[in-house]
Amino acid sequence: MSTQASGLEALMSSHGRSRGVTRVVAITSGKGGVGKSTLSANISYVLAKKGFKVGIMDADIGLANLDVMFNVRADKNILHVLKGEADFSEIVVPIEPNLWLIPGESGDEILKFSDATIVSRFVDEAQTLDSLDFLIIDTGAGIGDTIQMFLRAADDVVVVTVPDPAAITDAYAMVKVVGRVRKDIKMIVNQVKSPKEGQKIFDTINKVAMGNIAEGLSLELLGTVRTDSHVSRSVKQRVLVCKELSNIAPAGDIEEIAKIIGNKKEHKMLEARKESGIGTFFKKLLGQF
Ligand SMILES: Nc1ncnc2c1ncn2[C@@H]1O[C@H](COP(=O)(O)OP(=O)(O)O)[C@@H](O)[C@H]1O
Ligand SMILES: [Mg+2]
């Protein structure tokens with residue numbers, strides 16, 4: 001209990017490294033099992049280690065992924081806050097210095113709460129999280145309505161794919177759907193044999209997207225992550241790759257990606273949206289914006 005309290009004090013009392021508004025980054029995919037949770041957890045860890053204050057939200061709660069990955073127990077989630085049964089300080093789980101898990105909900109339940117008074121109380125409550133530099137959201141896979149809400153509300157959307165043809169097809173379908181509501185989409189190609197293989201896959205998707213999807217769409221490859229059997233083993237062993245196996249290739253690849261994300265925030269190169277931050281994110285998510 002005391003570690004939890006001190007963790008929360010650290011979250012609420014001082015400012016993050018970049019002292020700007022919270023950047024909300026949604027990590028998604030067309031097909032499941034491509035590495036969203038692995039990448040979300042490790043990118044968050046690396047950003048936190050660099051000194052950014054990072055919240056990581058599990059919006060794919062059906063699989064209860066991240067609490068298992070971080071080896072912590074989350075009793076309550078964001079739905080309890082929405083219902084007024086808990087406040088944010090009770091649901092947030094400190095993981096590491098600068099890193100907090102925000103147990104989420106798959107969305108269907110969350111989106112029932114569109115009542116203006118509930119939303120406004122919730123958004124006030126969410127100010128607790130205002131000193132976060134990043135909120136990384138591990139969304140479910142697929143192009144369902146609720147995932148779309150998360151993707152619409154986030155500042156950045158990262159679509160993850162792997163080299164297998166079905167995953168590539170689904171990633172393209174995802175880009176197409178997200179491309180209807182936003183012009184900038186980022187990608188990570190995971191489980192590649194070489195960075196070259198990943199780049200080739202990205203180039204193919206990019207080429208097809210440029211020819212067929214709404215004009216002005218900009219796809220950016222954030223990076224490629226090599227495949228390594230240590231990664232799949234690490235999940236079973238509840239070990240974070242970037243923390244405890246930092247010498248393997250995928251750990252280095254993920255660090256590169258986290259560096260790009262961190263640098264963009266520090267240099268304010270990520271497109272400055274007029275309205276952003278935690279409050280705006282939740283208002284958008286809950287349809288009040
Ligand atoms: N770069 C990688 N190399 C090897 N295995 C990986 C890699 N990335 C993810 N995996 C494994 O693939 C499986 C699915 O990853 P996960 O992060 O759970 O995917 P998702 O969240 O998209 O469903 C896990 O067993 C994970 O350990
Ligand atoms: Mg997952």
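Since we're looking at a predicted model, the values are computed, not measured.

## Some details on the overall build of the protein
Phase 1: The secondary structure content of the protein amounts to 13 helices and eight strands.
Phase 2: Out of the 289 residues belonging to the protein, those deemed buried represent 46%.
Phase 3: Within the protein, contacts between residues at least 6 apart in sequence are counted, and of these 80% link residues at least 24 apart.

## Observations regarding the sheet that holds strand S8 (residues 218–226)
Phase 1: Within the open sheet, the eight strands sit side by side as S3-S4-S2-S5-S1-S6-S7-S8. Their pairing is mixed. Each of the sheet's edge strands pairs with one partner strand only, and the pair in question is strand S3 (93–96) and S8. The average angle at which neighbouring strand axes cross in this sheet is 25 degrees, direction not considered.
Phase 2: Across five bridges, strand S1 (residues 23–29) lies against strand S6 (residues 156–161) in parallel orientation. Bridge pairing links Ala 26 to Val 157 in S6.

## Here's the deal with the packing of helix H2 (residues 36–49) against helix H12 (residues 249–266)
The packing of two helices is summarised by the inter-axis angle and the distance between the axes.
Phase 1: In the contact formed by H2 and H12, the axes pass within 9 Å of each other and the chain directions differ by 60 degrees. Comparing the axis directions of H2 and H12 gives the class oblique. With respect to the hand of their crossing, H2 and H12 are arranged in right-handed fashion. The residues of H12 that touch H2, namely those facing Leu 39, Asn 42, Ile 43, Val 46 and Leu 47, are Ile 254, Glu 255, Ile 257, Ala 258, Ile 261 and Gly 262.
Phase 2: In terms of residue class, the contact of H2 with H12 is made up of eight nonpolar, two polar and one charged.

## Thoughts on helix H9 (residues 195–212)
Phase 1: Here H9 is 18 residues long and its end C-alpha atoms lie 26 Å apart, about the 26 Å a rise of 1.5 Å per residue gives.
Phase 2: Here H9 has its buried residues at Gly 198, Ile 201, Phe 202 and Ile 205. Angularly, the buried residues of H9 cover 95 degrees about the axis, an arc narrow enough to put them on a single face. Opposite its buried face, H9 presents the exposed residues Lys 196, Asp 203, Thr 204, Lys 207, Met 210 and Gly 211, each directed more than 90 degrees away.

## Focus on H12
Phase 1: The terminal C-alpha atoms of H12, which comprises 18 residues, lie 26 Å apart, in line with the 26 Å expected from a rise of 1.5 Å per residue.
Phase 2: Of all the positions in H12, only Pro 250, Ala 251, Asp 253, Ile 254, Ile 257, Ala 258, Ile 261, Gly 262 and Lys 265 are classed as buried.
Phase 3: On its buried face, H12 sits against S1, H2, strand S7 (184–192), S8, helix H10 (229–236) and helix H11 (241–244).

## Focus on the nonpolar core
Phase 1: Core analysis: the largest hydrophobic core is formed by 83 residues, its most contacted members being Val 25, Ala 26, Ile 137 and Val 158.
Phase 2: If near-sequence neighbours (up to four positions away) are discounted, Val 25 is found in contact with Phe 134, Ile 136, Ile 137, Ala 154, Asp 155, Asp 156, Val 158 and Ile 261.

## Overview of the pairing of strand S2 (residues 54–58)
Phase 1: Counting buried residues in S2 gives five out of five residues, a clear majority hidden from the surface.
Phase 2: Burial of the side chains of S2 extends over both faces: Val 54, Ile 56 and Asp 58 are buried on one face and Gly 55 and Met 57 on the other.
Phase 3: When S2 meets strand S4 (residues 99–103), the two strands line up parallel, connected through five bridges. Counterpart to Ile 56 in the pairing with S4 is Leu 101.
Phase 4: Relative to strand S5 (residues 134–141), S2 is paired through five bridges, and the arrangement is parallel. The partner of Val 54 across the bridge, within S5, is Phe 134.

## Points about the site of ligand 1
Phase 1: If you check the shell around ligand 1, you find 18 residues, and the closest are Gly 35, Lys 36, Ser 37, Thr 38 and Val 231.
Phase 2: Looking at the shell around ligand 1, the elements that each hand over two or more residues are H2, S7 and H10.
Phase 3: Taken together, the residues that form the shell around ligand 1 break down as five nonpolar, eleven polar and two charged.

## Side note on the pairing of S4
Phase 1: Burial of S4 is extensive: five of the five residues sit out of reach of the surface.
Phase 2: Judged by which residues are buried, S4 turns out to be covered on both faces: Leu 99, Leu 101 and Pro 103 on one side and Trp 100 and Ile 102 on the other are all buried.
Phase 3: In terms of strand pairing, S3 meets S4 through three bridges, oriented antiparallel. Looking at the pairing, Pro 94 lines up with Trp 100 of S4.

Rules of the game
Residues numbered from 1 in each chain as written. Chains lettered and ligands numbered in written order. Predicted model: local features only at pLDDT ≥ 70, side-chain atom pairs only at ≥ 80, totals over all residues. Helix = DSSP H or I, 4+ residues; strand = E, 2+ residues; numbered from the N terminus. Buried ≥ 20, exposed ≤ 12 C-beta atoms within 10 Å, placed from the backbone. Contact = placed C-beta atoms within 7 Å. Pairing = 2+ DSSP bridges. Axes fitted to C-alpha atoms, helices over the stretch in contact; angles between N-to-C directions. Parallel < 35°, antiparallel > 145°, perpendicular 65-115°, else oblique. Left-handed = near helix turned anticlockwise from the far one by under 90°. Nonpolar A, V, L, I, M, F, W, Y, C, P; charged D, E, K, R; others polar. Expected span 1.5 Å × (residues − 1). Arc of directions from axis to C-beta. Core = buried A, V, L, I, M, F, W, Y, C linked by C-beta atoms within 7 Å. Near = placed C-beta within 6 Å.

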